[in-house]
Amino acid sequence: MVRSGLPRNHPRVKSLIADSHSFVAKAERTAEANPNDIKAWDLFGDVALRATAFDLSYYEKAEKAYGHALKIDPNDLRALKGMGNVDYDRRRYDAAISAYERYLRAKPDDPKVLTDLGTMYLAKKNISEALKLYHEALAMEPDLFAARFNTAVVYLLRSDKTRAVANLEEARKIAPDASASLRVEVMLAKLEGRKAASAFGTTLAADKPPATFRDAVERIVRTLPSEGSKVRSVEWPSQLRAIVVVSDFAIGAMPAAEKARLLDNLRAGIITAKVAHNVSGTVEIDFREAGTGRTVATVTD
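This report concerns the structure included in the present document. Since the model is a prediction, treat every value here as computed from it, not as a measurement.

A count of helices and strands for the protein gives twelve helices and four strands. Out of the 301 residues belonging to the protein, those deemed buried represent 47%. Long-range pairs, those at least 24 residues apart, make up 50% of the contacts in the protein between residues at least 6 apart in sequence. For the protein, the accessible surface area stands at approximately 14600 Å², while carbon and sulfur atoms represent 52% of it.

Turning to the pattern of salt bridges, a few remarks are in order. Tallied over the entire structure, the rule returns 23 salt bridges. Put simply, glutamate 63 and arginine 90 hold a salt bridge, and the shortest N to O gap is 3.5 Å. A residue pair is termed long-range when its members are at least 10 positions apart, and glutamate 63 in helix α3 (residues 58–72) and arginine 90 in the loop between α4 (77–89) and α5 (93–106) qualify at 27 residues. What makes glutamate 63 partly exposed here is its relative accessible area of 26%.

Our focus in this paragraph is the sheet that holds strand β2 (residues 241–246). With mixed pairing, the four strands of this open sheet are ordered in space as β1-β2-β3-β4. The open sheet has two edge strands, β1 (231–238) and β4 (295–300), and neither has a second partner. Strand-to-strand, the axes of this sheet are offset by a mean angle of 20 degrees, without reference to chain direction. The sheet contact formed by β1 and β2 spans five bridges and is antiparallel. Looking across to β2, one finds that serine 238 is bridged to arginine 241.

Within the secondary structure layout, glutamate 185 lies in helix α10 (residues 178–192). For glutamate 185, the side chain forms a polar contact with the side chain of arginine 172, separated by 2.8 Å.

Before going further, it helps to spend a moment on the packing of helix α6 (residues 111–123) against helix α8 (residues 145–157). The contact between α6 and α8 brings their axes to 10 Å, and the two run at 25 degrees. Comparing their axes, α8 and α6 come out roughly parallel. In the packing of α6 onto α8, the handedness of the crossing is left-handed. Contacts from Thr115, Thr119 and Leu122 of α6 reach α8 at Ala146, Ala147, Asn150, Val154 and Leu157. Its residues placed into classes, the contact of α6 with α8 shows five nonpolar, three polar and no charged.

For the rest of this paragraph, the subject is helix α9 (residues 161–174). Helix length check: α9 (14 residues) gives 20 Å between terminal C-alpha atoms against 20 Å at 1.5 Å per residue, within 8%. Regarding α9, the residues found buried are Ala164, Val165, Asn167, Leu168, Ala171 and Ile174.

This paragraph deals with the packing of aromatic side chains. One pass over the full model with this rule turns up three aromatic pairs. Between tryptophan 41 and phenylalanine 44 the ring centres are 5.9 Å apart and the planes differ by 55 degrees, which places this aromatic pair in the tilted class. Pair noted here: tryptophan 41 and phenylalanine 44 are both in helix α2 (residues 38–51), with a separation of three residues, about one helical turn. Neither tryptophan 41 nor phenylalanine 44 differs from the other in exposure class; each is buried. Centre to centre, the rings of phenylalanine 213 and tryptophan 236 are 6.2 Å apart; their planes meet at 65 degrees, and the pair counts as edge-to-face. Of this pair, phenylalanine 213 sits in helix α11 (residues 213–222) while tryptophan 236 sits in strand β1, and the two are 23 residues apart along the sequence. For the residue pair phenylalanine 213 and tryptophan 236, the accessibility class agrees, reading buried in each case.

Rules of the game
Think of each chain on its own: its residues are numbered from 1, step by step along the sequence as written. Totals for whole chains, interfaces and linings use all residues, but because this is a predicted model, local features are given only for residues with pLDDT of at least 70 and pairs of side-chain atoms are given and counted only at 80 or more. The side-chain quantities take in all heavy atoms of the structure and omit both hydrogens and water. A run of H or I in DSSP counts as a helix once it spans at least four residues, and a run of E counts as a strand once it spans at least two, with each numbered from the N terminus. Burial classification: accessible surface area is computed with a 1.4 Å probe over protein chains only, and a residue below 20% of its type maximum counts as buried, one above 50% as exposed, and the rest as partly exposed. Here a residue-residue contact requires only that any non-hydrogen atoms of the pair lie within 4.5 Å. Each accessible area value is a Shrake-Rupley result obtained with a 1.4 Å probe; residue values ignore everything except the protein chains displayed when judging cover. What counts as a salt bridge is simple: a side-chain nitrogen of Lys or Arg found within 4 Å of a carboxyl oxygen of Asp or Glu. Two strands are said to pair when DSSP picks up at least two bridges between them. Axis lines are fitted to C-alpha atoms, over the contacting stretch for helices. Their N-to-C directions set the angle, which ranges from 0 to 180 degrees. Pairs of N or O atoms within 3.5 Å make up the polar contacts considered here, provided that, within protein, one atom can donate a hydrogen while the other can accept it, and that residues adjacent in sequence are counted only when both atoms are side-chain atoms. Roughly parallel refers to an angle under 35 degrees, roughly antiparallel to one over 145, roughly perpendicular to one between 65 and 115, and oblique to any angle outside these ranges. Take the far helix as your reference; a near helix turned counterclockwise from it by less than a right angle gives a left-handed crossing, and one turned clockwise gives a right-handed crossing. When residues are sorted by character, Ala, Val, Leu, Ile, Met, Phe, Trp, Tyr, Cys and Pro go into the nonpolar class, Asp, Glu, Lys and Arg into the charged class, and all the rest, Gly among them, into the polar class. Given the number of residues in a helix, its expected span is that number minus one, multiplied by 1.5 Å. Classification of ring pairs uses Phe, Tyr and Trp, with its six-membered ring standing for Trp, and accepts pairs whose centres are within 6.5 Å; under 30 degrees between planes counts as stacked, over 60 as edge-to-face, and the remaining range as tilted.

Spelled out as structure tokens, the structure:
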């Protein structure tokens, strides 16, 4: 479960953000003082990438750090994986694919990187390659939820309901938290033509189903655990792009792993809505702070 968020002006949040800034600055100073120390540059990249949970501008520092490490050693696995993650987050699909494939040539038995590589190919609409990579990842780690769930998504895109349902059933067994379980359940219920059961064994509230894809997305963001009440408005500058204006959105106070889980669950909800409303194409949702307009998170499916 995602822990309850804290308002941005809470002392603990301010402390976390200040500590993050201090840690990155220290790692950067150490790396700059030791230009040939690849471990120092890798560490600088790692802490900067984690700090993007608080401030997206740290992607620039992470990229700088990993880039420097790769100049020292073009085959540095830690930097290749890190650079792939930066490119993944910034939706630079070709660059992420290049970094992940170089990493996997040296370490082909990493199922999580195989899964991320598959997702990059899926983003580029290369469904066959994505499915092959997900299968490879699952052969190594059968309980890897992301690979199993994404396999179901691929089969949905192929209109193979039988295999999609089979993979969703497996995903339900290995879902890492109640929110992920609920996303799987909602998708299964839609495919099977029944009401979805909640994590507590009862059917979900029989609200009127969203009439449109946009209505469905707005319901998803407004019902995010602890954070949905902070949504002020949802604007649609284009058919598949939404800007969600928020106040005191606590995603910046979450550890990177929890932030990733929240965004993954949101992404699963978007996919569910797309299936329900027969929407194709890549959806992008930007969360922006009210007043400043600063983007605090971006989600694509």
